[in-house]
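Listed below, chain by chain, are the residues.
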Amino acid sequence: MVVMDTRSRPLRALRLSVTDRCNFRCPYCMPREVFGADYPFLDRKEILRFEEIERLAAIFALQGVQKVRLTGGEPLLRKGLPDLVARLARITGLEDLALTTNGALLQELAKPLKEAGLQRLTVSLDTLDPARFRKLCDTEIPLSRVLSGLVAARSAGFGPIKLNCVLQRSINEDEILDLARFAREEGHILRFIEFMDVGTRNGWKLDAVVPADEVLAKLSELGAIEPIPEPLNGRVVERWRYCDGSAEFGVIASVTKAFCGGCDRARLSAEGSLYTCLFAGSGLDLKAALRNGSSDAEIGAMITNVWKRREDRYSELRSSRTGGAPKVEMFHIGG
Ligand code: SAM
Ligand code: SF4
Ligand code: SF4
């Protein structure tokens, strides 16, 4: 089954947030002034239980979803995560099961996650400088934990691992080449992501964005580069490689070259609300349906009805947007 939205985009991918909590406080995502000790994170009974997530994922698969990515908050903070992965890995129709993490707990969890059936791993890494890391992630957890997590993930059999780096002008743009060299030497696929105006609290300004084209020009200092030819459909990442074959890398030009036209992703928040755009203001409460005795077919119909009405293309409209419409926070529905 393929469900199309109003712009002929199929529902193919689901980002599943398993917690709204995080052990980092990256200022562009969860600034400590806002997400301090008193912040009202979701209560245990408010977040979806594993059996509820499993049931919903199976319903999404019946509507045509083939790819699931676990995210958060920090997904590795969710207790018993390998058990959830094992449940999802068994669902017919889900061909791709991936996870995005800050890497801090990978050393302990990489092996059980791999054994449970997790196929792909993305680790966020904005800097290789320990002092800068402390500032950019606003955490007491040292960079060395993330780096040893990467080693553990590779020994557990993940690979190649994707590294996500959000670049900010004058903050970490001077590390483009160091990060690229590191990724190339370690066999990881580095992707530079343009800093986005997600949520309402990260003080985003357009001039803080380092455009993807500028990143590519910088990377060509390491050697000749060429794009990897690919169909455009559903593509978020522009894939590139060094002409000498030494590594692949990518840029995600979410601001300067919006890719809404191919956006096939739905997002489910930890408390079970369905969002059809990273920049959506409100979601559809699927938890209520799960807990009020609705059948799988009824919940499936709720999902397809929302998708069929979907018009979202926030990033394409960003440049013309003037108002401050309410938006959900990124940690809430996952990146
Ligand atoms: N905690 C996990 C992590 O950091 O990988 C998963 C959730 S995090 C919200 C997912 C991704 O979103 C991370 O790679 C993070 O760097 C990215 N992200 C968060 N805020 C962003 C922003 N304002 N612009 C671009 N990317 C952002
Ligand atoms: Fe946490 Fe990831 Fe957001 Fe950083 S980007 S605060 S690690 S959820
Ligand atoms: Fe998809 Fe919304 Fe991002 Fe456009 S702005 S690519 S519709 S999530």
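Residues numbered from 1 in each chain as written. Chains lettered and ligands numbered in written order. Predicted model: local features only at pLDDT ≥ 70, side-chain atom pairs only at ≥ 80, totals over all residues. Heavy atoms only, no water.

Asks: Would you mind showing me how to read the packing of helix α3 (residues 106-116) against helix α5 (residues 143-155) here?
Replies: Any two packed helices are characterised by how steeply their axes cross, that is the angle between the axes, and by the distance between the axes. The geometry of α3 relative to α5 is characterised by a closest axis approach of 8 Å and an angle of 20° between their N-to-C directions. Taken together, the axes of α3 and α5 lie roughly parallel to each other. In this structure, the crossing between α3 and α5 has a hand that is right-handed. Along the contact surface, α3 presents Leu106, Gln107, Glu108 and Ala110, while α5 presents Arg145, Ser148, Gly149, Ala152 and Ala153. The residue inventory of the contact of α3 with α5, partitioned by class, reads 4 nonpolar, 3 polar and 2 charged. (Axes fitted to C-alpha atoms, helices over the stretch in contact; angles between N-to-C directions. Helix = DSSP H or I, 4+ residues; strand = E, 2+ residues; numbered from the N terminus. Parallel < 35°, antiparallel > 145°, perpendicular 65-115°, else oblique. Left-handed = near helix turned anticlockwise from the far one by under 90°. Contact = heavy atoms within 4.5 Å. Nonpolar A, V, L, I, M, F, W, Y, C, P; charged D, E, K, R; others polar.)

Asks: What am I meant to see in the sheet that holds strand β9 (residues 248-252) here?
Replies: Strand pairing in a sheet takes place through backbone hydrogen bonds and is either antiparallel or parallel in direction. What the 12 strands build is an open sheet, ordered β7-β8-β9-β6-β5-β4-β3-β2-β1-β10-β11-β12; its pairing is mixed. Sheet topology places β7 (225-227) and β12 (284-285) at the edges, where each strand pairs with a single neighbour. Looking at chain direction, strand β5 (residues 162-167) and strand β6 (residues 189-194) are connected through 6 bridges and run parallel. Residue pairing across strands places Leu163 opposite Leu190, the latter belonging to β6. (Pairing = 2+ DSSP bridges.)

Asks: Explain the pattern of salt bridges to me, please; I cannot follow it from the model alone.
Replies: Between side chains of opposite charge, pairing is possible as soon as their charged atoms come close. Under the definition given, this model contains 27 salt bridges. When the shortest N-O distance is used, the salt bridge between Arg169 and Glu173 registers 3.0 Å. For Arg169, a relative accessible area of 25% gives the class partly exposed. By relative accessible area, which is 23% here, Glu173 ends up partly exposed. One network of salt bridges, in which partners are shared, links Asp5, Arg9, Arg310 and Asp312. (Salt bridge = Lys/Arg side-chain N within 4 Å of Asp/Glu carboxyl O. Buried < 20%, exposed > 50% of the residue type's maximum accessible area, 1.4 Å probe, protein only.)

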